[in-house]
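Topology and contacts: notes
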Amino acid sequence: MNADAERARVHAAGLLASQLRMQDGIATYAQLVAGGVTRIDIERRVRRNELRRVYPRVYVDHTGPLTWTQRAWAAVLYAEPAFLCWTSLEQPKGQDLGAPIHVAIDKSRRVISQEGLVIHRLAALAPRTYGGTPPRLTVEDNALMIADRARSEIDAIAALAQVASRRYVTADSLRAALGRYPSLRRRSLVAAMIDDLEAGTHSVLEHGYLTRVERPHGLPAGRRQAPRTGPNGNQFRDVEYPDHRLVVELDGALGHESWRDQARDADRDLDDLARLGSVTARLRWHQVFDTPCRTAARIGRILTRNGWTGAVSPCRDGCMATRK
């Protein structure tokens, strides 16, 4: 073997060694061959338990149990070009470590599914990806993919709220991702939530309380954005029932909430109780979008206890608001 050939062999072997380190011991058949390992060598190493086949043409360099990271690498290499997505965007914890690995591929491709692997097909995939190790969708695009396929509004809201809590996720980055999903289900809801995130308002949740809790269940009309003068200047209550000493605060924060925010809210609740004799009901997305009838029943009981002579009415057949 001449010097040039030897240098090429050493370089190829070094590249393969680097790939194995980066990929946590996982390699494809093509990578092994490019690294100087022949087909006969691969078969021999499999017989000697120096390699093990994970998926067709994907191998691991040991015979023990695979770690989650090794399973993730095997999945993206088997379906390459493929990207971790769904619940596999990050390593799960506890019992979920053995859950199937989810990967996204371009909609135009066809890849045979394998045990322990779930394949999602997306149109215009490339702009939605992030070159991590292993490669994956961006967190914003992944959240919108989950929201698009969510069974309920609250599940879609939860997908968005989960990523909005990360400090590097902004309204602009979410809006850019939304632009890559022109046919997103519940698009208007998601767009309004992103607007709320940017403006620091809770208009989506406030509208949901009015149209899902208060109005359809016959609750009295509350005062919206009722002004109060507090120790830090003018403050506004989301909904106030002054005749019945009840304040409803709608906490629709999608992210970046800190203990300082929680302390501020507790101060406001305490101020209402000390100065006005009012109690504060602090509602979140779950109470308004997931269990509006049950929430209406609870608000009705508080109002009744404080002098309201009306009655909660059902919003539809089977409504739980009037059940005892």
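Residues numbered from 1 in each chain as written. Predicted model: local features only at pLDDT ≥ 70, side-chain atom pairs only at ≥ 80, totals over all residues. Heavy atoms only, no water.

A count of helical and extended segments in the protein chain gives twelve helices and twelve strands. Counting the 324 residues in the protein chain, one finds 44% classified as buried. Sequence-distant contacts in the protein chain: of pairs separated by 6 or more residues, those separated by 24 or more amount to 55%. Carbon and sulfur atoms make up 52% of the accessible area of the protein chain, which totals about 17,600 Å². (Helix = DSSP H or I, 4+ residues; strand = E, 2+ residues; numbered from the N terminus. Buried < 20%, exposed > 50% of the residue type's maximum accessible area, 1.4 Å probe, protein only. Contact = heavy atoms within 4.5 Å. Areas by Shrake-Rupley, 256 points an atom, 1.4 Å probe, with all protein chains shown as cover.)

The next subject is the pairing of strand β2 (residues 52-55). Alignment of β2 against strand β3 (residues 58-60), held across three bridges, turns out to be antiparallel. Bridge pairing in β3 links R52 to V60. Hairpin remark: β2 followed by β3, antiparallel, with two residues in the connecting loop; positive phi at R57, about 65 degrees. (Pairing = 2+ DSSP bridges.)

Attention now moves to the packing of aromatic side chains. One pair of aromatic rings is described through two measures. These are the centre distance and the angle between the planes. As enumerated under the stated definition, the model contains two aromatic pairs in all. Taking the centre distance of 5.4 Å and the plane angle of 45 degrees together, the rings of Y55 and Y78 count as tilted. Of this pair, Y55 sits in strand β2 while Y78 sits in helix α4 (residues 68-78); the two residues are 23 residues apart in sequence, bridging distant segments of the chain. Taking relative accessible area as the criterion, Y55 reaches 9% and is therefore assigned buried. Measuring from ring centre to ring centre gives 5.5 Å for W285 and F289, while their planes differ by 40 degrees; the resulting arrangement is tilted. Of the two residues, W285 and F289 both sit in helix α11 (residues 285-290), four residues apart, roughly one turn of that helix. Residue classification places W285 among the buried residues on the basis of a relative accessible area of 9%. Residue class for F289 comes out buried when judged on its relative accessible area of 10%. Lying over the aromatic face of Y181, R128 brings its terminal NZ or CZ to 3.9 Å of the ring centre. (Phe/Tyr/Trp six-rings, centres within 6.5 Å; stacked < 30°, edge-to-face > 60°. Lys NZ or Arg CZ within 6 Å of the ring centre and 35° of its normal.)

This part is about the state of the cysteines. The term disulfide refers to a covalent linkage connecting the sulfur atoms of a pair of cysteines. Applying the stated rule across the entire model yields zero disulfides. Here C293 is not disulfide-linked; the sulfur of C319 is the nearest cysteine sulfur, at 3.5 Å. According to the relative accessible area criterion, C293 is buried, its value standing at 7%. We classify C319 as buried; its relative accessible area is 4%. (Disulfide = S-S within 2.5 Å.)

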